[in-house]
Each structure stands twice: as structure tokens, then as C-alpha cells.
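Spelled out from the first residue to the last, the chains are:
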Amino acid sequence: MKQNIGLVSIVVRDYDEALEFFVGKLGFRLVEDSFVPEQSKRWVVVSPPGATGSGLLLARASSPEQEARIGAQTGGRVFLFLYTDDFWRDYEAYRSRGIVFVREPKEEAYGTVAVFLDLYGNLWDLLQPT
């Protein structure tokens, strides 16, 4: 048997502001942006450069309950782990684009890691595994 996780949904306030962040600041690639007329929403998928078979579904909140979860999908824990093949390249590029790091780079047994915030306040690890 072979399985993999294809998409992870992240609740966003607005499709275009999310695209500006994920594509414009993080350098993710836009995989799909299609209108779903029967639901009056868009199907928007992005993925990190070089990723194969995985991505983020940018899901606009459609209820007060969903809106309350924007930026707090994991109760304050790190939400996503962005692996890189060159930590310092990406760290410096992100900082130059205004990405806020809330935990500075640290060498750990498992790799070099720092924690940053997305535009909604979700925590992400930027990680180059050893």
C-alpha cells in the first residue's frame, strides 16, 4: 500500500491576500485557482517550490465558527513544517520580504530551525533537516 497526504486546508480570511502572502512572500507556486460556481467559492491550491504531491488548500472561512479559527488552527502550536534544502538562503529571503520570525534560528540534533508567523498568526517551522 502507498499513501500520502495531498492537501492540507488552511482557513484564510481572503483568497487574494492569502495568495499575496504564500506566493508573493513565501515564493510558493500557484497550482490551481478555479471558481466553484455552485458553492460561490474558489478552489485555490499552492505548494512550496520543488514540492511534488503536496500542497495547501487556501479555504476562505464561510461561517463565524471558521472565522474564529483563522490563525489558530492548532491552538498556538506550530501548525506546519516547511522543509528546505538551504535554511540560510530561505531564512534571509523571508526576512527581507517582511516575514516575522518569533523564534530565532537554532541548531538542533534534527537540523537547523526557526519559527515564523504566516499572515494570520499561524506558527510555522522553517527546517533544514540534518
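As annotated in an unreviewed UniProt entry, the protein chain is VOC family protein from Luteimonas salinilitoris.

In this structure, strand S6 (residues 101-108) lies alongside strand S7 (residues 111-117), joined through five bridges in antiparallel fashion. Each bridged residue has a counterpart across the sheet, and for Arg103 the counterpart in S7 is Val115. Where S6 folds back on S7, the antiparallel hairpin that results is connected by two residues.

Taken together, the four strands give an open sheet; going across it, the order is S1-S4-S3-S2, and neighbouring strands pair in mixed fashion. Because the sheet does not close on itself, it has two edges, and the strands there are strand S1 (7-12) and strand S2 (29-36). Taking each pair of neighbouring strands and ignoring which way they run, the sheet shows an average axis angle of 25°. Sheet topology places strand S3 (residues 41-47) next to strand S4 (residues 55-60); three bridges connect them, and they run antiparallel. Within S4, the residue paired with Val44 across the bridge is Leu58.

One pass over the full model with this rule turns up seven salt bridges. The shortest N-O distance in the salt bridge between Glu17 and Arg13 comes to 3.0 Å. Classification of Glu17 as partly exposed rests on a relative accessible area of 26%. Residue Asp85 is joined to Arg89 by a salt bridge in which the shortest nitrogen-to-oxygen separation is 2.8 Å. A residue is classified by how much of its surface remains accessible, and Asp85, at 60% relative accessible area, is exposed. Residue classification places Arg89 among the partly exposed residues on the basis of a relative accessible area of 42%. Taken together, the salt bridges that share partners define one network made up of Asp16, Asp33 and Arg42.

Here we take up the side chain of Thr84. You can see Thr84 is positioned in the loop between strand S5 (78-83) and helix H3 (87-96). Among the polar contacts listed, one links the side chain of Thr84 to the side chain of Asp90, at a separation of 2.4 Å. Non-local contacts of Thr84, meaning those with residues more than four positions away in its chain, are made with Arg89, Asp90, Leu126, Leu127, Gln128 and Pro129.

Calculation rules
- Residues numbered from 1 in each chain as written.
- Predicted model: local features only at pLDDT ≥ 70, side-chain atom pairs only at ≥ 80, totals over all residues.
- Heavy atoms only, no water.
- Pairing = 2+ DSSP bridges.
- Helix = DSSP H or I, 4+ residues; strand = E, 2+ residues; numbered from the N terminus.
- Axes fitted to C-alpha atoms, helices over the stretch in contact; angles between N-to-C directions.
- Salt bridge = Lys/Arg side-chain N within 4 Å of Asp/Glu carboxyl O.
- Buried < 20%, exposed > 50% of the residue type's maximum accessible area, 1.4 Å probe, protein only.
- Polar contact = N/O pair within 3.5 Å; in protein donor to acceptor, adjacent residues only side chain to side chain.
- Contact = heavy atoms within 4.5 Å.

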